[in-house]
Amino acid sequence: MRVNTGATGAPEGPETPAGAIVSVVWRLEGAGRVVGGLLPRGHPEGGVLGKRFVCGEQVWAAEMHPWEQEISAEASLVEPGPPASPARIVVHGPGGDITGYLDQPDLPSGRLARFTTGLRRDARRVRVRVGGRVWWVRATHMFGVRVTRDSDVLVYATHGRHAEFGAGADQLDVSVVLLTLASIPSSAYAPILGF
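Residues numbered from 1 in each chain as written. Predicted model: local features only at pLDDT ≥ 70, side-chain atom pairs only at ≥ 80, totals over all residues. Heavy atoms only, no water.

Moving on, we get to the nonpolar core. In this structure, W26, I89, L102, V128, V130, W135 and Y156 are the most contacted members of the largest nonpolar core, which totals 35 residues. Filtering out sequence-adjacent residues up to four positions away, V128 remains in contact with I89, Y101, L102, R133, V134, W135, V176 and T180. With seven residues, the next largest nonpolar core counts A20, L39, F53 and C55 among its residues. (Core = buried A, V, L, I, M, F, W, Y, C linked by side-chain atoms within 4.5 Å. Buried < 20%, exposed > 50% of the residue type's maximum accessible area, 1.4 Å probe, protein only. Contact = heavy atoms within 4.5 Å.)

As a further point, take empty space enclosed by the protein. For the coordinates displayed, the defined rule picks out one cavity of 30 Å³ or more. In this model, the largest cavity occupies a volume close to 30 Å³. Lining the largest cavity are V128, W135, V137, V147, V176, V177, T180 and L181. Sorting the residues of the lining of the largest cavity by element identifies β9 (133-140) and α2 (171-183) as the ones contributing at least two each. Element by element, the count of residues in the lining of the largest cavity is highest for α2, at four residues. Here the lining of the largest cavity is composed, by residue class, of seven nonpolar, one polar and no charged. (1 Å grid on protein atoms, 1.4 Å probe; cavity = no way out; pocket = protein on both sides within 12 Å on 5 of 7 lines; lining within 4 Å. Points joined across faces, edges and corners; volume = space filled by probe spheres on them. Helix = DSSP H or I, 4+ residues; strand = E, 2+ residues; numbered from the N terminus. Nonpolar A, V, L, I, M, F, W, Y, C, P; charged D, E, K, R; others polar.)

Another point: unusual backbone geometry. Even without being glycine, E68 reaches a positive phi, approximately 50 degrees. Topologically, E68 is positioned in the loop between β5 (61-65) and β6 (87-93). Judged by its relative accessible area of 70%, E68 falls in the exposed class.

Written out as structure tokens, the structure reads:
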């Protein structure tokens, strides 16, 4: 996998919405080019709060909508909150939309949540629930991340500066994982190459 970041405008291509702000462009073996970015608030397709999106040549398009948080060029990432206030994910599969949620079940509720989550980075876990599946995004080592599905199927992992999807990953796995990595701050789980 190759990662390019920092693009300010949408690259040419019919799958990227006009006026989108691109956060990251991946080149994935077997999946081609994948674009992750945002439609800021006020964008005709972005809704009132805006939304994060991922799209690509052979990846199902997916969107993430924040819970009571505006998306803009200045605040373009979605902070995962406790289960009472999850971000909403929509994956546009060939058989119709697949909806789900992203949260941090270990995040304490209340005004001290932000202070206590910074104490143990390795204990942070982000949970994603879409289409009857559950993914866990966890920090590994100093700069890594590991994503498992249903707690025992390795879907995605980083090894130093290399990242790869597991052999069992399908299009729903790839779409959800890439949207999650492109949409939430690295401080929520682990520093990731390109973020």
